[in-house]
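# Working through the structure, step by step
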Amino acid sequence: MSLFRGDRPILDLIQSDNETRATFEVHQKKRWVITFFTDDIGSLHDYLTSENVKVGAVSDEGQYGKFFVLEDLNGNLFDVWEHHDCELNF
C-alpha cells in the first residue's frame, strides 16, 4: 500500500514473507526508513533520553537542520528532524 500527496510518497507499506525491521543497510551501516519532524529537537531528545530510549546525539547540519536517530524496543530506527526554514506541505 502506498499513500501519496501529489507526486510525493508519504507512506509505503510492503508485505514481507520474513520478519523485518524498519531499517536497511548502506555500507554495513543501519539506516532508517521513517523520519519524524519536530519544532523542538532539544526538548524531544532530552525527554526520550530521560525515558531511557536509545537515541543518538543531536547533529546540527547547518542549513539542513538538526537530526538524531532513535531506536525502538524492536530494533527499528527512526530519524528525527528539526528545520524551521523548510516548508512542509501536507
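This text follows the structure it describes.
Residues numbered from 1 in each chain as written. Predicted model: local features only at pLDDT ≥ 70, side-chain atom pairs only at ≥ 80, totals over all residues. Heavy atoms only, no water.

### Observations regarding a nonpolar patch on the surface
Stated formally: Note on patches: the residues involved have over 30% relative accessible area and no salt bridge, like charges join within 9 Å, and the nonpolar side chains Val, Leu, Ile, Met, Phe, Trp and Tyr join within 5 Å. Throughout, the Shrake-Rupley method with a 1.4 Å probe supplies accessible areas, and for residues the shown protein chains are the sole cover considered. Basic side-chain nitrogens of Lys or Arg form a salt bridge, by our definition, when they fall within 4 Å of a carboxyl oxygen of Asp or Glu. In this text, helices come from DSSP runs of H or I with a minimum length of four residues, and strands from runs of E with a minimum of two, each type numbered from the N-terminal end. Type-normalised accessible area, obtained with a 1.4 Å probe on protein chains alone, sets the label of each residue: buried when under 20%, exposed when over 50%, and partly exposed for intermediate values.
Taken together, the side chains of Val 33, Ile 34 and Phe 36 make up a nonpolar region of the molecular surface, amounting to roughly 250 Å² of accessible area. Here Phe 36 shows up in strand β5 (residues 35-37). Residue Phe 36 is classed as partly exposed on the basis of its relative accessible area of 43%.

### Some words on the pairing of strand β9 (residues 77-82)
In plain terms, the rule: Only strands joined by at least two bridges in the DSSP assignment are considered to pair.
Of all the six residues making up β9, six are buried; the element is thus mostly covered by neighbouring parts of the structure. Of the two faces of β9, both are covered, the one formed by Leu 77, Asp 79 and Trp 81 as well as the one formed by Phe 78, Val 80 and Glu 82. As paired elements, β5 and β9 share three bridges and run parallel to each other. From the neighbouring strand, Thr 35 faces β9, where its bridge partner is Asp 79. Of the pairings in the sheet, the one linking strand β8 (residues 66-71) to β9 comprises six bridges and is antiparallel in character. Considered in β9, the bridge of Glu 71 is made with Leu 77. Taking the residues between adjacent antiparallel strands as the criterion, β8 and β9 are bridged by five residues, where Gly 75 takes a positive phi near 85°.

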